[in-house]
Amino acid sequence: MKVLITGAAGFIGSNFVRYAMKAHADWEVVVVDKLTYAGNLANLEDVAQAPRFRFHRADICDAGAIGRIFSQEKPDAVINFAAETHVDRSIDDPSLFLRTNILGTQTLMDVSRKLGVARYLQISTDEVYGSLGPAGRFSEDSPLQPNSPYAASKTAADLLARAYFKTYGLPTLVTRCSNNYGPYQFPEKLIPFFVTLLHEGKQVPVYGDGMNVRDWIHVDDHSRAVLAVLLHGKPGQVYNVGGGNERTNIEITKLLIAAMGRDASSMKFVPDRPGHDRRYAIDDAKIRAELGVSPQVPFEEGLEATVRWYLDNEAWWRAVLSGDYLTFYERWYANR
Ligand code: NAD
Ligand code: TYD
């Protein structure tokens, strides 16, 4: 099987490539990534030398480039991880989010349709559901009520996958996962941001009252679910993926402060994010029942291993913070 994976120089995609290449020694993997500020080929360094791995630098909105890559590679399946992903950046400027997340998805599905791709998996998010109060969980049938430009753009892409199944018969699948954590996450997201700040002896900025709840899942548990949906999911269907692990931001912050040997004075409260979703919680009964998938990584173990990874890989995040990784592409090719 040849799988074309977009956005795999980012956090989740790179972890997925590693996971899938280990699980399926016979798979050919073709990565397509624009290498935006969030894309880093260092995230794929350990798998990139394999003869069954190929990389193309391209923008998913560029129909010409995507068409040429698909015609050359003839993938059996496509997984679209590529997106602009940081909520705060989407509040600052929504335009790139709408372009990449919506038009990029459309381009990929148009080309997939023309080439008769057998499975197209759209990586969506639980943020399409909006925000919960203290009770209840999101099921696949919950109303879609996105609150940030990021979430709205992901919702549009998610619904386009549905429309391409209904209208054109493209065999689309959609996963809606909760907040991921693990190695190689760009240090603007809560956990790596706070670990790197605490390492520097700086204070960590908690938005609002810090009582917002996220359902955290280890990235390997997300990869396990994506693989199962790709192989065994039913086209036209949506699958929720969750960690079963709700935590307030204050709880996460306290765990990180303890893990880094700091004290409560390292935490400061800052003005809230506009439109800040209060609580996400996932009902994953469908994927458990239909595909036998459930999270396996206990949160405390996963978080400890993740903090250790950032401490052991200081060179990785220092290069990211300095912007040095942006020249990795040129150096990568010069050495091949
Ligand atoms: P990330 O920001 O770390 O990586 C995104 C990748 O997409 C980068 O490699 C970037 O270079 C690439 N990219 C961006 N624009 C592109 C374009 N126009 N063409 C080609 N490549 C482009 O993101 P992530 O956290 O790994 O998220 C991956 C996917 O999973 C996204 O679709 C996101 O919405 C979804 N998701 C993320 C989470 C989470 O907790 N991080 C949870 C649920 C769903
Ligand atoms: P984030 O990692 O940006 O993911 P998302 O907004 O997609 O859930 O943020 C996770 C939570 O942490 C969210 O409730 C916002 C909060 N947060 C802070 O309190 N301070 C920060 O500096 C960041 C980046 C996030």
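Residues numbered from 1 in each chain as written. Chains lettered and ligands numbered in written order. Predicted model: local features only at pLDDT ≥ 70, side-chain atom pairs only at ≥ 80, totals over all residues. Heavy atoms only, no water.

## Some words on the packing of aromatic side chains
Formally: In summary, the pairing rule links any two rings of Phe, Tyr or Trp, Trp by its six-membered ring, whose centres are within 6.5 Å, and it sorts them by plane angle into stacked for under 30 degrees, edge-to-face for over 60 and tilted for everything else. Helix and strand definitions follow DSSP, with helices as H or I runs of at least four residues and strands as E runs of at least two, each counted in order from the N terminus. We call a residue buried when its accessible area falls under 20% of the maximum for its residue type, exposed when it is over 50%, and partly exposed in between, using a 1.4 Å probe and counting protein chains only. Charge-over-ring placement is defined geometrically: NZ (Lys) or CZ (Arg) within 6 Å of the ring centre, and within 35 degrees of the ring normal.
For the structure on display, the rule yields 14 aromatic pairs. Ring centres 6.4 Å apart and planes at 45 degrees place the aromatic pair Phe138 and Tyr280 in the tilted group. Placement of Phe138 in the loop between β5 (119–125) and α5 (149–168) and of Tyr280 in the loop between β13 (267–270) and α9 (285–291) is noted, with a sequence separation of 142 residues between them. When sorted by exposure, Phe138 lands in the same class as Tyr280, which is buried. Seen in terms of ring centroids, Tyr184 and Trp309 are 4.6 Å apart; in terms of plane orientation they differ by 55 degrees. Their pairing is tilted. Pair noted here: Tyr184 is in the loop between β7 (180–181) and α6 (190–199) and Trp309 is in helix α10 (residues 299–312), with a separation of 125 residues, a long-range link. Per residue, the accessibility class of Tyr184 equals that of Trp309, and both read buried. Positioned above the aromatic ring of Tyr37, the side-chain terminus of Arg89 is 3.6 Å from the ring centre. Between Arg113 and the ring centre of Tyr168, over which it is positioned, the NZ or CZ distance is 3.7 Å.

## Looking at the site of ligand 1
Condition: Being near a molecule or strand, for a residue, means having at least one of its heavy atoms within 4 Å of it. Distance and chemistry together define a polar contact, namely a pair of N or O atoms within 3.5 Å, with one atom able to donate a hydrogen and the other to accept it when in protein, and with adjacent residues in sequence counting only for side-chain atoms on both sides. The nonpolar class holds Ala, Val, Leu, Ile, Met, Phe, Trp, Tyr, Cys and Pro. Asp, Glu, Lys and Arg form the charged class, and all remaining residues, Gly among them, are polar.
Taken together, the neighbourhood of ligand 1 is formed by 28 residues, with Ile12, Asp33, Thr85, Tyr150 and Lys154 sitting nearest. At 3.0 Å from an oxygen atom of ligand 1 is found a main-chain nitrogen or oxygen belonging to Thr36. Those elements that provide at least two residues to the shell around ligand 1 are α1 (11–23), β5 and α5. It is β5 that contributes the most residues to the shell around ligand 1, 3 residues altogether. Grouping the amino acids of the shell around ligand 1 by side-chain chemistry returns 13 nonpolar, 11 polar and 4 charged.

Everything listed here is a matter of coordinates, which is why it stays silent on function.
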